[in-house]
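As a plain string of letters, each chain reads:
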Amino acid sequence: MAQISLTFPDGNSRSFEAGVTPADVASEISKSLAKKAISANVNGAHWDLQWPIVEDAQIAINTMKDDAPALELIRHDLAHIMARAVQEIWPDVKVTIGPVIENGWYYDFDRQEPFTPEDLGEIEKKMREIINKRDAVRTEVWDRDRAIAHYEANGEPYKVELINAIPDDGQPIRMYWHGDWQDLCRGPHLQHTGQVPADAFKLMRVSGAYWRGDSRNAQLQRIYGVAFQNKEDLRKYLNFLEEAEKRDHRRLGREMDLFHMQEEAPGQVFWHPNGWTIYTQLQDYMRRKQRAGGYKEINTPQVVDRKLWEASGHWEKYQHHMFLVEVDESRDGENDDAAVKDKSQTRINALKPMNCPCHVQVFNQGLKSYRDLPLRLAEFGSCARFEPSGALHGIMRVRGFTQDDAHIFCTEAQIQEECARFIDFLANIYEELGFPEFEIKFATRPEKRVGSDESWDYVEGALESAIKAVGRDYTLEPGDGAFYGPKLDFYLTDAIGRVWQCGTFQVDPNLPERLGATYIGADGDKHRPFMLHRACLGSFERFVGILIENWEGKLPFWLAPRQVVVASIVSDADDYVAEVVSALQARGVRAEADVRNEKINYKVREHSMGKVPVILAIGAREVEERTVTVRRLGQKQTQVVALDAILAELGQGALPPDLGGPGAADADAA
RNA sequence: GCUGCUGUAGCUCAGAGGUAGAGCACUCCCUUGGUAAGGGAGAGGUCGAGAGUUCAAUUCUCUCCAGCAGCACCA
């Protein structure tokens, strides 16, 4: 038998017979390591303890102390254990695939009857039984025909399909057994089921999923589980979910009386005064920033004839996402009966799903000179998209929304500078809005694309240089660009670590081409401008949702819909309360009085739950001394302050961050 | 759009083949109370919409609408 040399993490090497397994290696090192071992890293690959090693290699034996392999194995083995449990309970259920995902795993099953929440409990119980059996995990390599024959005989058509999809390039078809239960799997797996912590996983939910992720295929039932190394980590994760639930903007939107939605207008928002205050504050802020940033604000039509959408290419590709409006030009207002409609007079319009074609129309009016470039046209563009019903989600994913949209018309040579400018612009806004951390994803040329390679080289180079020029990092997403140009997507991180894609920057030579945009160059000839699509917040609707969830409704003072409630303790204070409220309002503070016949406890409770940042309580003493007692949201202690002082402080605190207010960074100081 | 679940008072939810209940909120009265619910009384519902079964449907069946979770989608 040939000898191979294995090198350990400490740098020592030892000679073994070729075909030795990591399990053998671990046993030679020590009995306890053999017992604790879960897998190995062999030349960087995650290696099952049972797989033979046939050539010289770097090897490290993993134990549960190695977090990444441990979690992967725990979750992967649980996927198998769950599938086994399901088939033990319902032998006629067909198994498909069960990968590891973030925080856990899922497994897709084909079963006639739906799994119920009670079933999940039963499956979990069975899984714990299997874990406690400490059944050995065993693996073998089979040849293709044997594997197919096996699954055909067992009535597992999905597995047959999976095997047929494995390219016949000599890669092994591997079987795994957890006890007697067998599954096709590339591994690796643990030594035995008892290595899985029995108290650190939970089945979360069951839902539909398509076979191979394709909506034309059979719908399967997917069971999701989460799993960790120990009970404590599971608890932390479940707490995180609870935390996210507490922040749900749909719930806070109702509790804070911000907006509502109703079935006559699915996917569209009815903004209430409180919510609209947040929205307009944000919009006013963006308007000031854009003005300062060299943008010119425009506004374009909502209902636009299909001719424009045909020219832009949207009619062909995105018609099913557009709200269509049929207009009968022959209507005279006297006779609106549909029966008299003259078809030849009917025009089809679409509600605009995006603003860019309209912006090109603005650009196209009059001759543009190279001296006009870069021309930055911004619009708070109200768009309507017919999103699939299942995609709708509160105010985050809607059918009617307003983008903080802008299109920069420029020359190729100006792209880099515009890109760098934009990243700085956006970084400053995110910072002021309380999101100092964001990530850039750089999506480059896809396989199917238009334009020459030289042009792609140039434009991608320009974006990359721009990111470097402003001193930022990025993650490359090769092949994820649009068919006409590369793009940057900007992802911000919220207070509980969730990541939201908001900003975007997209280079587009295509639409100017399609819509015939030109400018006169220094040479006197017509040239085609580039168009840069860009947004910072994305949509105001969604961004307000993100703000609500990020701050758990406790918005920074300048954004809080109701900033101050002045609450009377005794009715003798009512006049002074009114005076304080007026004085605050005169300083631009959104203040209201609460002189209801209720105890101060009641008022404090109600406004605290309503997330009002500042409550000023006024009793006989404050009237006497011309002071107020300040109670800030989230703090129990109160503070007596002279009226003039609090007016000055709150007046200053109410200013948006770009106008000298304290901003998001030190919202608590407001 | 697909699969599953859900839809009863403003909100959170209970309930049953014989046209409905709680808590909170709301209105009125008493209470003037010092920092997270003072007391009492009252009003409030076409039980998501339509059709079917039935002597009788809000309850059972079907269709539709909307919401929730996931999938697919997000130009």
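Residues numbered from 1 in each chain as written. Chains lettered and ligands numbered in written order. Predicted model: local features only at pLDDT ≥ 70, side-chain atom pairs only at ≥ 80, totals over all residues. Heavy atoms only, no water.

## Some thoughts on the sheet that holds strand 19 (residues 346-351)
Operational definition: Strand pairing is assigned whenever DSSP identifies at least 2 bridges connecting the two strands. Secondary structure elements follow DSSP: runs of H or I no shorter than four residues count as helices, runs of E no shorter than two count as strands, and numbering proceeds from the N terminus. Think of each axis as a best-fit line through the C-alpha atoms, taken over the contacting stretch in the case of a helix, with angles from 0 to 180 degrees between the N-to-C directions.
Ordered in space as 17-19-18, the three strands form an open sheet in which the pairing is antiparallel. Every other strand in the sheet has two partners, leaving strand 17 (303-305) and strand 18 (324-328) as the edge strands with one partner each. Each neighbouring strand pair of the sheet contributes to a mean axis angle of 40°, computed without reference to strand direction. With three bridges connecting them, strand 17 and strand 19 associate as antiparallel partners. Residue pairing across strands places Val-303 opposite Leu-351, the latter belonging to strand 19.

## Re the nonpolar core
The line we're drawing: Definition used in this section: a nonpolar core is a set of buried Ala, Val, Leu, Ile, Met, Phe, Trp, Tyr and Cys residues joined via side-chain atoms within 4.5 Å. Classification of residues uses two cut-offs on accessible area relative to the type maximum, computed with a 1.4 Å probe and protein chains only: under 20% is buried, over 50% is exposed, and between them is partly exposed.
If you look at the biggest cluster of nonpolar residues, it comprises 64 residues, and the most contacted ones within it are Leu-488 and Phe-490. Core analysis: the second largest hydrophobic core is formed by 30 residues, Ala-70, Val-95, Met-127 and Leu-190 among them.

## Comments concerning the pattern of salt bridges
Keep this limit in mind: Here a salt bridge means any side-chain nitrogen of Lys or Arg lying within 4 Å of a carboxyl oxygen belonging to Asp or Glu.
Taken as a whole, this structure holds 39 salt bridges when the rule is applied. For Arg-84, the salt bridge is made with Glu-88, and the minimal N-O distance between the two is 2.7 Å. With Arg-84 and Glu-88 both in helix 3 (residues 67-89), this residue pair falls four residues apart, about one helical turn. Here Lys-468 and Glu-464 are joined by a salt bridge, their closest N and O atoms 3.1 Å apart. Here Lys-468 pairs with Glu-464, and both are found in helix 14 (residues 453-469), just four residues apart, close to one helical turn. Here the residues in one salt-bridge network are Arg-84, Glu-88, Lys-126, Glu-129 and Asp-135, joined through shared partners.

## A word on the sheet that holds strand 16 (residues 296-297)
This is how it is decided: For this analysis, residues touch if any pair of their heavy atoms sits within 4.5 Å.
Ordered in space as 16-20-21-28-25-24-22-23, the eight strands form an open sheet in which the pairing is mixed. Taken across any chain shown, the strands that pair with only one partner, and hence form the sheet edges, are strand 16 and strand 23 (475-477). The pairing of strand 20 (residues 375-384) with strand 21 (residues 400-410) spans ten bridges and is antiparallel. Pairing of Phe-380 across the sheet is with Asp-404, part of strand 21. Strands strand 20, strand 21, strand 22 (438-443), strand 24 (487-493), strand 25 (499-508) and strand 28 (530-539) of the sheet are contacted by helix 13 (residues 415-432), whose axis makes an angle of about 10° with strand 28.

## Some remarks on helix 12 (residues 356-364)
Count 3.6 residues to each turn of an α-helix, and residues three or four apart come out pointing the same way. Residues Cys-356, Pro-357, Cys-358, His-359, Val-360 and Phe-363 constitute the buried set of helix 12. The positive-phi residue at the C-terminal boundary of helix 12 is Gly-366, with phi of around 80°.

## Considerations on the protein's contact with RNA strand B
Our working definition: Think of it this way: one heavy atom of a residue within 4 Å of a molecule or strand is enough to make that residue near it. Counted as a polar contact is a pair of N or O atoms within 3.5 Å, where, for protein atoms, one must be capable of donating a hydrogen and the other of accepting one, and residues adjacent in sequence contribute only when both atoms are in side chains. Charged means Asp, Glu, Lys or Arg here, nonpolar means Ala, Val, Leu, Ile, Met, Phe, Trp, Tyr, Cys or Pro, and polar covers whatever is left, Gly included.
Neighbouring RNA strand B are 50 residues, the closest being Gln-219, Ile-569, Asn-597, Arg-605 and Glu-622. Within the side chain of Arg-250, a nitrogen or oxygen atom sits 2.9 Å from a phosphate oxygen of RNA strand B. Between RNA strand B and Arg-254 there is a distance of 3.1 Å, counted from a phosphate oxygen to a side-chain nitrogen or oxygen. Looking at the surface near RNA strand B, the elements that each hand over two or more residues are strand 12 (201-210), strand 13 (219-227), helix 8 (249-255), helix 18 (600-609), helix 19 (620-625) and strand 32 (627-632). In terms of residue count, the dominant contributor to the surface near RNA strand B is helix 18 (seven residues). Within the surface near RNA strand B, the residues separate by chemical class into 18 nonpolar, 18 polar and 14 charged.

## Some details on the environment of Glu-625
Looking at the element boundaries, Glu-625 is found in helix 19. For Glu-625, a relative accessible area of 48% gives the class partly exposed. Taking the C-alpha atoms as reference, Glu-625 lies 8.0 Å from Ala-642; in sequence the two are 17 residues apart.

## Describing the confidence of the model for chain A
Quick reminder of the rule: Confidence of the predictor at the level of single residues is captured by pLDDT, which takes values from 0 to 100.
Put simply, chain A has an average pLDDT of 91, and 97% of its residues get 70 or more. Confidence metrics for the complex model read pTM 0.89 and ipTM 0.94.

## So, the pairing of strand 25
Among the ten residues in strand 25, eight count as buried, and that is most of the element. Here seven bridges tie strand 24 to strand 25, and the two strands are oriented antiparallel to one another. Residue pairing for strand 25: Tyr-491 is matched across the bridge by Gln-501. Taken together, strand 24 and the strand that follows it, strand 25, pair antiparallel across an intervening segment of five residues, in which Gly-497 is found at a positive phi of about 85°. Bridge count between strand 25 and strand 28: five bridges; the pairing is antiparallel.

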